[in-house]
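In case you want the letters, here they are:
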Amino acid sequence: MANTAIQMTGVGDVDNNVSRTPVSTRMSFSSPRRGATVSFHNINYSVKMKSGFMCKRKVTQKNILIELKFLDVLAARKDPAGLSGEVLIDGAPQPPNFKCLSGYVVQDDVVMGTLTVRENLRFSAALRLPKSICQQEKDEKIEKLIQELGLSKVADSRVGTQLIRGVSGGERKRTSIGMELIFDPSVLFLDEPTTGLDASTANSVLMLLKRMANSGRTIILSIHQPRYSIYRLFDSLTLLLGGRLVYHGPAQDALDYFSEIGYICEPHNNPADFFLDVINGESTAVALNKLYDIEELDQEQLSSSLKGIEDRLVEEYKTSASNKQTKSELERIIQGKDYSKRPKSRTITYSTSFCHQFNWVLRRTFRDLMLNPQTSLVQIGVMIFLALVVGAIFFGVKDNMSGIQNRMGALFFITSNQCFSSMSSAELFITERKLFVHEYISGYYRVSVYFLSKVLSDILTLRTIPAIIFSCVVYWMIGLKASAEAFFIFLFSIILVSYTATSMTLAISADQTVVGIANIVINMIFVFMMIFSGLLVNLPSVADWLNWLKYLSIPRYGLVAVEINEFIGLTLCDTRNTSGLEMQVCTTGEEFLSEQGIHYSTWGLWQNHLALGIMTLIFLIIAYLKLRFIKKFT
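Because the structure is a prediction, the values reported are computed rather than measured. (Residues numbered from 1 in each chain as written. Predicted model: local features only at pLDDT ≥ 70, side-chain atom pairs only at ≥ 80, totals over all residues. Heavy atoms only, no water.)

Can you break down helix H12 (residues 321-334) residue by residue, with the values?
Over its 14 residues, H12 runs 20 Å from end to end, which matches the ideal 20 Å to within 8%, given 1.5 Å per residue. Within H12, the full set of buried residues consists of Ser322, Asn323, Thr326, Leu330 and Ile333. Buried residues along H12 cover an arc of 95° about the axis, so they all sit on one side. Residues of H12 that are exposed and point over 90 degrees away from its buried face: Ala321, Lys324, Gln325 and Glu331. Note on H12: the residue one or two positions beyond its end, Gln335, has a positive phi of about 50°. (Helix = DSSP H or I, 4+ residues; strand = E, 2+ residues; numbered from the N terminus. Expected span 1.5 Å × (residues − 1). Buried < 20%, exposed > 50% of the residue type's maximum accessible area, 1.4 Å probe, protein only. Arc of directions from axis to C-beta.)

Take a look at the structure:
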């Protein structure tokens, strides 16, 4: 068995010819502070792979790690299902909330781009430090951290988004590191911290990590093909091939080890590149050890050759002195204790209360909206423009038969527009999925806090305000019933339609990862709802086996409500020429509503609002449950 123990190490893998060099930095034992010892024992990790459709679906098990370790496994961010073995911290089992006690910097920097560097750090401090620490102490800690990370010059600059120019890549990465260091974790994990950085910036980030390691902090990281100036910073090196260990030990001894087993690094070759070449079977040293020319091999022979190299590397390490020393160290750590039967659990703990979290997350969400003009001001501008166009088309409707058609057309368009405009909320939980998952499993806030903050901010700024502006413009331009009561009922109906449509959009998109797919599904549903809204087809004439679909139509409830509100008490007259005689033909709004199969009593009006309210509540519950139970492990 390949057992491995580390004081401070980095991980990576080389699987299916995808190269990744695992490296690490380790603290100096002479430093005044001692980092935590992270050890891992007989780690195995497998996932279930599904293939086929319906009754022919097959489930196979794929081994990802074989008696080894992995960065997400060490950080307790892998689904415990399919995981065996044990990760110990200073010889003791990982606590269930270890992922909340350790720092984890993901590969893609997940920080709020509209906020400044200092504001992001302050947000992390507010939610990850206990309330027993006063704000002054938190601010002092933030300023000290800014100084240590070299972010003083950009502390008040926005981090940056696709539309907002922000700090450099290295400064963004250091901000992500600072978000994790704010609560002084015992162990800091980093997943490829140099991704997307140029050579100079990557070197500065790793120098920063080296200084932190030398000051007595346990740092575990994976890195992709570092240059030599970065590689020589590492103390411990771990190499994986096909989920199995092929080397673990001092980084400076790695070349000597591979030389002993027959793989000699050429002069001036980067050791990190050399290791990857050996593992992938592409090294000159590998080619020289073959009895035949690799170019003459067919695909089956090539696969067999690479498999032979893999098996040899694994077996060579199992019998190496380095592996024996590692086993001896592991036995000293566990001292005969058996943790293998201890059930593995993952829990999330919080340093602050629900109200405190809600206050900070809601403030950040509103600030993000205000600093994103394309999501707030642009939508309001579009609504005003659309209201002017609709008002101009239906301007000053008459109290005659043509006025019925114009009123119905205007009311139908207004309610349908509220539904389709709500589709912009489909990206509410999708665009920030990585940010939410990272912050949630790190113990920043509860799911309910994030959900309520996002929903409230979206409803108030992007649904309520645009709906009020749109209604105020279009209602009076069209010339609908001129009374305050009728206007406010109309406004309430339109806002409620917007809320319900938005809630349905959130319920559908909450567990999606691609906005386009969610939009297609939502758009198709709204089209069917629009057909059963009551204008395109006379609902009483629809067959019974299809007529029930009208009860699922959001625009139908809104259209019926505004129709009752508008046509009650309305008299519409036309002058017709019959046999040379002009006659005035009149009809009442109540008669028109009866022809449409609409009950225009007081209950007939308010039952639509009740139905929309119930639908809104149901959709929001579905959206929350989807967000609550989406896959949060990697």
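So, next bit.
Can you explain the pairing of strand E9 (residues 236-241)? Please cite residues and give values.
Regular strands place side chains that alternate from one sheet face to the opposite one. Of all 6 residues that make up E9, 6 are buried, and the element is covered over most of its length. Of the strand pairs in this sheet, E9 and strand E10 (residues 244-250) are connected by 6 bridges, and their pairing is antiparallel. Within E10, the position partnered with Leu239 by the bridge is Tyr247. A loop of 2 residues connects E9 with E10, the two strands running antiparallel in sequence, and Gly242 in this loop sits at a positive phi of about 60°. (Pairing = 2+ DSSP bridges.)

Tell me what's going on with the UniProt feature "transmembrane region" (unreviewed entry) in the protein, and back it up with residues and numbers.
The UniProt record annotates "transmembrane region" (unreviewed entry) at residues 377-397, 460-480, 486-508, 520-539 and 609-627. Within the segment residues 609-627, helix and strand shares are 100% and 0% respectively, and the terminal C-alpha atoms sit 27 Å apart. (UniProt positions renumbered as here; feature names shortened; annotations may be inferred.)

How would you sum up a nonpolar patch on the surface? Please name residues and give values.
The grouping of Phe492, Trp603, Trp606, Leu610, Ile614, Ile618 and Ile622 at the surface amounts to a nonpolar patch, some 690 Å² of accessible area in total. Looking at the nonpolar patch, the element that brings in the most residues is helix H23 (residues 602-629), giving 6 residues. Considering the arrangement of structural elements, one finds Trp603 in helix H23. A relative accessible area of 53% means that Trp603 is categorised as exposed. (Patch = residues over 30% accessible without salt bridge, like charges linked within 9 Å, V, L, I, M, F, W, Y side chains within 5 Å. Areas by Shrake-Rupley, 256 points an atom, 1.4 Å probe, with all protein chains shown as cover. Salt bridge = Lys/Arg side-chain N within 4 Å of Asp/Glu carboxyl O.)

Just give me the short version of the side chain of Arg364, but keep the residues and values in it.
Turning to its location among the elements, Arg364 is positioned in helix H13 (residues 354-370). If sequence neighbours within four positions are ignored, Arg364 has contacts with Met112, Leu115, Phe123, Leu435, Glu439 and Tyr445. (Contact = heavy atoms within 4.5 Å.)

Describe the pattern of salt bridges, listing the residues and the values that go with them.
Per the stated rule, a full pass over the model turns up 19 salt bridges. Of the charged contacts, one joins Asp109 and Lys173 as a salt bridge, the two residues approaching to 2.9 Å between their closest N and O atoms. Residue Asp109 is located in the loop between strand E6 (103-105) and helix H3 (117-128), and its partner Lys173 is located in helix H5 (residues 169-181); the two are separated by 64 residues in the primary sequence. By relative accessible area, Lys173 is classed as buried at 1%. The partner of Arg244 in a salt bridge is Glu310, and the shortest N-O contact between them spans 3.0 Å. Separated by 66 residues along the polypeptide, Arg244 in strand E10 and Glu310 in helix H11 (residues 299-318) bring together distant segments of the chain. For the pair formed by Arg244 and Glu310, the shared burial category is buried. Three or more residues are tied together by salt bridges with common partners; here these are Arg118, Glu143 and Asp156.

For the state of the cysteines, give the residues involved together with the corresponding values.
All told, the structure shown has 1 disulfide when counted by the stated rule. The disulfide partner of Cys573 is Cys586, and the S-S distance across this bridge is 2.0 Å. With the S-S dihedral at roughly 110°, the linkage between Cys573 and Cys586 falls on the right-handed side. Residue Cys573 is found in strand E11 (residues 571-578), and its partner Cys586 is found in strand E12 (residues 581-588); the two are separated by 13 residues along the sequence. (Disulfide = S-S within 2.5 Å.)

Account for helix H16 (residues 433-441), with residues named and values stated.
Within H16, 8 of the 9 residues are buried, leaving the element largely enclosed by the surrounding structure. Just beyond H16, the residue with positive phi is Gly443, at close to 85°.

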